[in-house]
Protein chains: 2
Amino acid sequence: MQALRVEEKGVAVREIEKPQRADEALVRVIVSGICNTDLEIARGYAGFQGTIGHEFVGVVEQCPDRSLVGHRVVGEINAGCGKCALCLAGDPRHCPTRTVLGIVGRDGAHAEYLQLPVTNLLTVSSRIPDEHAVFIEPLAAALAIRERISLSKQTRLAVIGDGKLGLLCAQALALSGAQLLLIGKHPEKLRIAERLGIETALVAPAEKRVREFDVVVEASGAAEGFALALKLLHPRGTLVLKSTFHGATEINTAQIVVDEISIVGSRCGRFGPALDLLKKGAIDLDSLISEEYPLSKAVFALERANQKGVLKVLLRP
Amino acid sequence: MQALRVEEKGVAVREIEKPQRADEALVRVIVSGICNTDLEIARGYAGFQGTIGHEFVGVVEQCPDRSLVGHRVVGEINAGCGKCALCLAGDPRHCPTRTVLGIVGRDGAHAEYLQLPVTNLLTVSSRIPDEHAVFIEPLAAALAIRERISLSKQTRLAVIGDGKLGLLCAQALALSGAQLLLIGKHPEKLRIAERLGIETALVAPAEKRVREFDVVVEASGAAEGFALALKLLHPRGTLVLKSTFHGATEINTAQIVVDEISIVGSRCGRFGPALDLLKKGAIDLDSLISEEYPLSKAVFALERANQKGVLKVLLRP
């Protein structure tokens, strides 16, 4: 089968063997989505080699649980050991020996087939098209912010970053009723949020709103987004770190102490609530899809996903 | 009067005019304590020029509230505008236009006299000796951690740093009943905590306790303390930043996101609860006093306070 592989020398689409663990489900990928994490792994930042990709929707072809065969599914990307306290409590997202689809110790979704434990799979309602279902993982990650902080109608909230993660976070958090401002650098991307009734601002005017916000979500992935967030937060405000920066970031820790800021890291979310939102059509995903390519063109597709102005790029095996 | 001044060219004890604002209390300083923040300001890190020092106990000599004259007092160091929402709620610690004794826009305590608003002053019980009362500010700062996070007997808690701040934090937090470990580099300083029944460890063995702690308090003021804290915390653990580092610190933000760590900045505390503890004799302060000098020798005293192995250095006008 074809798969997009990260190797020592770079990325390439290779012909590899179809996976064949009998204890896991075999999923034929219908469509997969390119995430910024894929781009980082392709650059060698995560030390992962193998098939990348963790956003997908597919059809179960083989499975220890026969009742799933033929069903359309998405899959939670963390596969725990099943034995530690966290796994036994039903949340393998922080299992210390977990594998993560296309990220840690497990081949991923930019391939004709992938494997995951049966417990990771969720069937997808026929009301959700493939091109929406493929967004389940980043949408769940956006919703995960609300597992970590509480928001109300009184909360003055800013999201920094108008890329696909920022636009998803803004939509997911707008549902909380908080007083939301999305801050970005690209008028054409901000317009996507504006059309949905979300207030937006370019960085230059936003920068003047010093100490106005209770919560700021950093979803730009740039160190300057971190610095802007510290500027916008009032004392004892909360900075949610949603995107990772490459390597070490220079941080003004004195301001964190003097203004008693809280910083909260946020990563993967639960798929269940995200599926419910997709079923209701509560999130505009069509505006977030820029381009689609066959899997055979995946190297070019990665390059496209890396261009400014390009949002989600999909791959179809 | 004599005062320890930070000037463009460095620090010096100068003869300056006695302060004389009629709307504030005039306090004759009995004894003042040298804090690491003083050392940082002396190095030019905070952009403050004037009389430094913010830890003191003194006697009120003049005061708009005549009933305070002659009383022994300590003083909260943040003087708010009195008009903003924070000040009106009785907490000027984050007033955006506050002055801070010996730190921001207000001459400090390493002097024969200082001034503070009457509302900042608290009288000191005769049961508390001067040499304990002078610790009120850093002890309140240590207790302030509990305003920001909740601790229980189940909490696995580490304090990093065996300097005067770390030793005070460890003592203040031990009262919570949490399972506490104090981590430091100096066996002789760790022994002070051990004598009080606090478990301690040197950095090398502590470093092996990867992901064992729910809460880690960084009180070493060193960037490597921050890195060690991230190592010791389990996923979704909390890092309390108690001390500031000079300038920017390189931080591995990816780990904060992947492990969903919370970072909580903590600064000044309330003097009331700290005074209660001092009255009970619940904190061992005598072990934290290394040396005492007359104010005229303050420049030498600063040098001493900067030496390894030296804990609190007191100044007496």
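Residue numbers run consecutively from 1 along every chain, following the written order of its sequence. Throughout, the order in which chains and ligands are written sets their labels, letters from A for the former and numbers from 1 for the latter. Only residues with pLDDT of at least 70 are given local features in this predicted model, and only at 80 or more are side-chain atom pairs given and counted; all residues enter the totals for whole chains, interfaces and linings. The basis for every side-chain value is the complete set of non-hydrogen atoms in the structure, without hydrogens or water.

## Observations regarding the interface of chain A and chain B
Consideration 1: Residue contacts follow a heavy-atom distance rule, with two residues in contact if any of their heavy atoms lie within 4.5 Å. Each partner contributes residues to the interface: chain A has 35 residues there, and chain B has 34 residues.
Consideration 2: What gets called buried area is simply the loss in accessible area from a 1.4 Å probe that two parts show on being joined, summed for both. Buried area between chain A and chain B, summed over both chains or domains, comes out near 3,000 Å², and the portion from carbon and sulfur atoms is 53%.
Consideration 3: Residues R236 of chain A and E147 of chain B are paired through a salt bridge, measuring 3.2 Å at the closest nitrogen-oxygen approach.
Consideration 4: Identification of polar contacts relies on pairs of N or O atoms within 3.5 Å, with a donor-acceptor requirement for protein atoms, meaning one able to donate a hydrogen and the other able to accept it, and with residues adjacent in sequence counted only if both atoms are side-chain atoms. Across the contact surface, chain A and chain B share 15 residue pairs in polar contact (both at pLDDT 80 or more).
Consideration 5: Each helix corresponds to a stretch of at least 4 residues labelled H or I by DSSP, and each strand to a stretch of at least 2 residues labelled E; elements are numbered beginning at the N terminus. If you list the elements that add at least two residues to the side of chain A that touches chain B, you get helix 5 (145-148), strand 15 (233-241), strand 16 (249-251), helix 10 (253-258) and strand 17 (262-265) of chain A.
Consideration 6: Among the elements that make up the side of chain A that touches chain B, the one with the highest residue count is helix 10 of chain A (five residues).
Consideration 7: Asp, Glu, Lys and Arg are counted as charged, while Ala, Val, Leu, Ile, Met, Phe, Trp, Tyr, Cys and Pro are counted as nonpolar; the rest, among them Gly, fall into the polar class. Of the residues that constitute the side of chain A that touches chain B, the class distribution is 14 nonpolar, ten polar and eleven charged.
Consideration 8: Strands were regarded as paired on the criterion that DSSP finds at least two bridges between them. For strand 17 of chain A and strand 17 (residues 262-265) of chain B, the ladder comprises three bridges, and the chain directions are antiparallel. When the sheet's bridge partners are listed, S262 of chain A is paired in strand 17 of chain B with V264 of chain B. Salt-bridge detection follows one rule: a side-chain nitrogen of Lys or Arg within 4 Å of a carboxyl oxygen of Asp or Glu.

## Digging into the pairing of strand 15 (residues 233-241) of chain B
Residue and element names in this part refer to chain B.
Consideration 1: We call a residue buried when its accessible area falls under 20% of the maximum for its residue type, exposed when it is over 50%, and partly exposed in between, using a 1.4 Å probe and counting protein chains only. Across the nine residues of strand 15, eight count as buried, placing the element largely inside the fold.
Consideration 2: The pairing of strand 14 (residues 213-218) with strand 15 spans five bridges and is parallel. Across the sheet, the residue bridging to V216 is L239, located in strand 15.
Consideration 3: Look down the strands so they point away from you; if going from the first strand over the helix to the second traces a clockwise path, that crossover is right-handed. Tracing the backbone out of strand 14, into helix 9 (residues 223-232) and back to the parallel element strand 15 gives a crossover that is right-handed.
Consideration 4: Pairing geometry for strand 15 and strand 17, over four bridges, is parallel. Looking at strand 17, one finds that V240 is bridged to V264.

## Comments concerning the packing of helix 4 (residues 136-143) of chain A against helix 11 (residues 271-280) of chain A
All names here are of chain A.
Consideration 1: Axes here refer to lines fitted to C-alpha atoms; in helices the fit is confined to the stretch in contact. Angles between the N-to-C directions go from 0 to 180 degrees. Contact geometry for helix 4 and helix 11: axes closest at 8 Å, N-to-C directions at 110°. Between helix 4 and helix 11, the crossing angle belongs to the class labelled roughly perpendicular. Mapping the contact onto sequence places I136, E137, L139, A140 and L143 in helix 4 and F271, P273, A274, L275, L277 and L278 in helix 11.
Consideration 2: Considering only residue class, the contact of helix 4 with helix 11 consists of ten nonpolar, no polar and one charged. Put simply, angles under 35 degrees are roughly parallel, angles over 145 are roughly antiparallel, angles from 65 to 115 are roughly perpendicular, and the rest are oblique.

## Concerning the sheet that holds strand 1 (residues 2-7) of chain B
Residue and element names in this part refer to chain B.
Consideration 1: An order of 2-1-4 is seen for the three strands of this open sheet, with the pairing classed as antiparallel. Every interior strand has two partners, whereas the edge strands, strand 2 (10-15) and strand 4 (50-51), have only one.
Consideration 2: Where strand 1 meets strand 4, two bridges bridge the pair, whose relative direction is antiparallel. Considered in strand 4, the bridge of V6 is made with G50.
Consideration 3: Helix 12 (residues 298-305) contacts strand 1 and strand 2 of the sheet and is inclined by roughly 145° relative to strand 2.

## A closer look at the domain arrangement of chain A
All names here are of chain A.
Consideration 1: Domain start and end points were adopted from an automatic or database domain assignment. As far as domains go, chain A holds domain 1 (2-140 + 268-316) and domain 2 (145-265).
Consideration 2: Just the C-alpha atoms count here: the centres of domain 1 and domain 2 sit 27 Å apart.
Consideration 3: If you look at the interface, domain 1 gives 22 residues, while domain 2 gives 16 residues.
Consideration 4: If you look at where domain 1 meets domain 2, you find one salt bridge.
Consideration 5: Notably, a salt bridge pairs R93 with E147, separated by 3.0 Å at the nearest N-O pair.
Consideration 6: Taken together, the connections running from domain 1 to domain 2 amount to three residue pairs in polar contact (both at pLDDT 80 or more).
Consideration 7: Sorting the residues of the side of domain 1 that touches domain 2 by element identifies helix 1 (36-42) and helix 4 as the ones contributing at least two each.
Consideration 8: In the side of domain 1 that touches domain 2, the residues fall into twelve nonpolar, four polar and six charged.

## Some details on the relation of the copies chain A and chain B
Consideration 1: Relative to chain B, chain A is turned by 180° and slid 0.0 Å along the rotation axis, the superposed coordinates differing by an RMSD of 0.0 Å. Both chain copies can therefore be described as sitting about a two-fold axis.
Consideration 2: Both copies contact each other with a shared surface, as 97% of the interface residues of chain A are interface residues in chain B too. We place the copies in one frame by least squares, fitting the C-alpha atoms of every residue whose pLDDT is at least 70 in both.

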